[in-house]
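Structural overview for review
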Amino acid sequence: MNESLINPFNLSHPTTVQTSLFAGAQIARFDTTGRFIAAGRAIGSAEIWDLETRAPIRWLDGHVRGVTSIDWSRNSRYILTSSKDWNVVVWDLASACDPPQRHCTIRFDAPVISASFHPRNSQIVLALLSTGEAYLCDLRKTERSRIELVELMEESDDEQGQSSRTRSFMTVARFEPSGKYIFIGTTAGSLLVFNSRTKAMIARHKISGAGIMKGLDFAKSGRRLVTNSSDRTLRQFILPSYAGCEENGLLDQELEPTHRFNDPINKTAWHAMSYSPDGEWLAGGAADPAAHKVYIWDISNDGQFASALDGGREPLLHLHWHPKKSCIASTTNQGSILIWHCPNPERWGAFAGGFEEVDENVEYDEREDEFDIEDEEILFERKMKAEEEEVDIDTLATSSDPNASTAVNGGNIVDSTGGSSNGTPASSTIAVVGILGDKDPDILWADEEPDGDDPGEWRMRIVMDNEAADYY
């Protein structure tokens, strides 16, 4: 059943268009802060828009053919654009000049279908070419390399010694959120898994009935994956553990989806899909030639269909979910970027401390002296007496919650109610401890030779139409 009919006052997914940006865009992606959005255009340029002012602030003009993909580095200093002109360009937004100078250009031997940064280091780039080849490019000085990711084939026992089957054409390539593995979809309906450090193929997953793989997206945890394939069905999978695969040999197994999402009435194909930041919602952009449709499914409620958003008659090309809140950006074939949001209901109780909202009218008994006007002198005397009362600053107040307890975590005293002695939320403290305690070499290898994309070390130069500059 449609969720809006169940509880129309408690929606946590986008429901309506907040604004429309005419950027001439084919694709659009939020940065990691959610304030900026990058738009890739068919004429070979890209723009960065500030969602607070709803105006373009930087222009990236470096391709002679259409932009095919855009990606942001982990803290938004660098932005990557790939194009059909065989180039991948990395831009440094901390550059003082306008337009920004190219930080580096990676040249390939064929049009680039997609490219993306490693989640932990923008000097490592994954690129997929129109020839069905995937390359991992490492731009660090001590690790500089360009390695093709090749599917591992099993040798047949025949006299010729040829492989028992030909290698599949690669159609989509993505890093998983930790950057430890690379997932590649093929025309044979299979997923190939590579170790990003060793570049070795460690697993192959056959997906029954999927056909050509067209897209991949991961939940932020990295454990859930959704695929888009030519059979017009989105499939969600729970990924297995790949620990020890390189020592024990190739993991070759078929994956069974936990959920299948499709349009049973119109049998519509899908252009793109994206998880919400908490992974509880999935948005699918329909490849409807006559309408702009975004379908929403509630993953936390067993994948139940929630709603279908109608964005007008301009067909959808791409969509991306905001990294921090309930907001979606979708692009149309006319170049507009639609920003979807979830309107917050008005809460009148916020205007007065003693105001309470009620579902039904109630009879109110007024006290006899409730609205009597008090003398200002009496109010002043009451205030002065309250200020003269001594405040006990020596006694340590204890929590009234009988379940509250404290624990020492990495030098911070963390209580069970969610706070720490230095003001840091408990969840953040635990997350930091988990990161510092991670010694996995397949993850930490990417941290060698940092790229300079750290908060506080750079500022984005914002250029307005009147050429007045400011810094964010």
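Residues numbered from 1 in each chain as written. Predicted model: local features only at pLDDT ≥ 70, side-chain atom pairs only at ≥ 80, totals over all residues. Heavy atoms only, no water.

Read across the sheet, four strands follow the order β18-β19-β20-β22 without closing on themselves; strand pairing throughout is antiparallel. Strand pairing shows two members of the sheet lacking a second neighbour, β18 (213–218) and β22 (259–261), which therefore form its edges. For this sheet the average axis-to-axis angle between neighbouring strands, irrespective of direction, equals 20 degrees. Here β18 pairs with strand β19 (residues 224–229) via five bridges, running antiparallel. Looking at the pairing, Gly215 lines up with Asn228 of β19. (Pairing = 2+ DSSP bridges. Helix = DSSP H or I, 4+ residues; strand = E, 2+ residues; numbered from the N terminus. Axes fitted to C-alpha atoms, helices over the stretch in contact; angles between N-to-C directions.)

Once that is clear, we can look at unusual backbone geometry. Although it is not a glycine, Arg54 sits at a positive phi angle of roughly 55 degrees. Classification of Arg54 as partly exposed rests on a relative accessible area of 43%. In this structure, Lys267 takes a positive phi of about 55 degrees despite not being glycine. Mapping Lys267 onto the fold places it in the loop between β22 and β23 (270–275). (Buried < 20%, exposed > 50% of the residue type's maximum accessible area, 1.4 Å probe, protein only.)

What follows covers the state of the cysteines. Applying the stated criterion across every chain, the model contains zero disulfides. With no disulfide of its own, Cys137 lies closest to Cys104 among cysteine sulfurs, the gap being 9.6 Å. Judged by its relative accessible area of 1%, Cys137 falls in the buried class. (Disulfide = S-S within 2.5 Å.)

One finds Phe183 and Tyr242 to be the most contacted residues of the largest nonpolar core, which totals 18 residues. Elements supplying a minimum of two residues to this core: β15 (181–186), β16 (190–195), β17 (201–206) and β18. The element that contributes the greatest number of residues to this core is β18, accounting for three residues. With near-sequence residues (within four places) excluded, Phe183 lies in contact with Val172, Ala173, Arg174, Glu176, Leu192, Val193, Leu216, Phe218, Leu225, Leu239 and Tyr242. (Core = buried A, V, L, I, M, F, W, Y, C linked by side-chain atoms within 4.5 Å. Contact = heavy atoms within 4.5 Å.)

With that out of the way, let us pick up the packing of aromatic side chains. All chains considered together, the criterion is met by 10 aromatic pairs. Here Phe183 and Tyr242 contribute two aromatic rings whose centre-to-centre distance is 6.1 Å and whose plane-to-plane angle is 65 degrees, an arrangement assigned as edge-to-face. Taken together, the positions of Phe183 in strand β15 and Tyr242 in the loop between β20 (234–238) and α2 (245–248) put the pair 59 residues apart, joining distant regions of the chain. Residue Phe183 shares its accessibility class with Tyr242, and that shared class is buried. Both rings, one in Phe261 and one in Trp297, keep their centres 5.0 Å apart while their planes meet at 45 degrees; by these two values the pair is tilted. Of this pair, Phe261 sits in strand β22 while Trp297 sits in strand β25 (residues 293–298), and the two are 36 residues apart along the sequence. Residue Trp297 is classed as buried on the basis of its relative accessible area of 4%. Site record: aromatic cluster; members linked through ring pairs are Phe261, Trp270, Tyr295, Trp297 and Phe305. Stacked on the ring of Phe108, the Lys or Arg Arg146 has its end atom at 4.6 Å from the ring centre. (Phe/Tyr/Trp six-rings, centres within 6.5 Å; stacked < 30°, edge-to-face > 60°. Lys NZ or Arg CZ within 6 Å of the ring centre and 35° of its normal.)

As a further point, take the sheet that holds strand β1 (residues 16–22). Reading across from one edge, β1-β29-β28-β27 is the order of the four strands in this open sheet, with antiparallel pairing throughout. Either end of the sheet is taken by a strand with one partner, and the two such strands are β1 and β27 (316–321). Strand-to-strand, the axes of this sheet are offset by a mean angle of 20 degrees, without reference to chain direction. As defined by bridge partners, strand β28 (residues 327–332) adjoins strand β29 (residues 336–341) across five bridges and the pair is classed as antiparallel. Bridge pairing in β29 places Ile328 opposite Trp340.

This part takes up the UniProt feature "repeat: WD" (unreviewed entry) in the protein. Taken from the UniProt record, the annotation "repeat: WD" (unreviewed entry) applies to residues 60–95. Note that residues 60–95 is 0% helix and 56% strand, and that its end C-alpha atoms are spaced 12 Å apart. (UniProt positions renumbered as here; feature names shortened; annotations may be inferred.)

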